[in-house]
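Notes for the structure review
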Amino acid sequence: MLFKFDLMTPEQGIIDITKEVCQSIKESGVSEGICVIFCPHTTAAITINENADPDVRSDFVFGMNKAFPDDNEFRHSEGNSDAHLKSSSIGASETLIISRGAPLLGRWQGVYFCEFDGPRTRQFFVKVIRS
Ligand code: ZN
């Protein structure tokens, strides 16, 4: 089954979408399988990271801006090449194992939508596959 979600994003940030992933798996009725979370955007991404200390989220944004600073030598006319680099470095999707009707995540792991060029209305997909 395929599930689609819309979300409003900040200028930059990582948004916890673990609840939506768990909800999709529950609604699908799949207890053992695979789940793909996909972001159809070129300046956003999907990742798995710590869900305990909220400072990790702000440090993530801070670190990405340090790693991929804007540069006036970029040629892309939209002016968001740094966001495109961040998007590709993190990636457009994550794959999770479904076990006993829930995503197999570590105690401190959550699934995050990463915004690098907001604020925007964004979408992401969750595909649940029985196996
Ligand atoms: Zn662009």
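Throughout what follows, the structure given in this document is the object of discussion. Note that the structure is predicted; figures quoted are calculated from it, not measured.

Another point: the side chain of N80. Position of N80 relative to the elements: it lies in the loop between α2 (55-67) and α3 (81-90). Reaching out from N80, the side chain makes a polar contact with the side chain of E78 at a distance of 3.2 Å. Within the local environment of N80, its side chain forms a polar contact with the side chain of H84, the two groups lying 3.1 Å apart. Other than its neighbours up to four places away in sequence, N80 contacts T43, D117 and R120.

Attention now moves to the environment of E32. For E32, the position within the fold is in strand β3 (residues 32-38). What makes E32 partly exposed here is its relative accessible area of 38%. With residues up to four places along the chain from it excluded, the contact list for E32 reads I98, S99, R100, I129, R130 and S131. Of the polar contacts made by the side chain of E32, one reaches the backbone nitrogen of R100; its length is 2.9 Å.

What follows is about the coordination of the zinc ion. In this structure, H76 (NE2), E78 (OE), N80 (OD1) and H84 (NE2) serve as the protein donors to the zinc ion, at separations of 2.0 to 2.2 Å. Taken in chain order, the donor set of the zinc ion reads H-x1-E-x1-N-x3-H. Classification of H76 by relative accessible area gives partly exposed; the value is 34%. Under the relative-accessibility criterion, N80 is labelled buried at 4%.

The rules behind each value
- Residues numbered from 1 in each chain as written.
- Predicted model: local features only at pLDDT ≥ 70, side-chain atom pairs only at ≥ 80, totals over all residues.
- Heavy atoms only, no water.
- Helix = DSSP H or I, 4+ residues; strand = E, 2+ residues; numbered from the N terminus.
- Polar contact = N/O pair within 3.5 Å; in protein donor to acceptor, adjacent residues only side chain to side chain.
- Contact = heavy atoms within 4.5 Å.
- Buried < 20%, exposed > 50% of the residue type's maximum accessible area, 1.4 Å probe, protein only.
- Donors = N, O, S within 2.8 Å, 3.2 Å for Na, K, Ca; no water.

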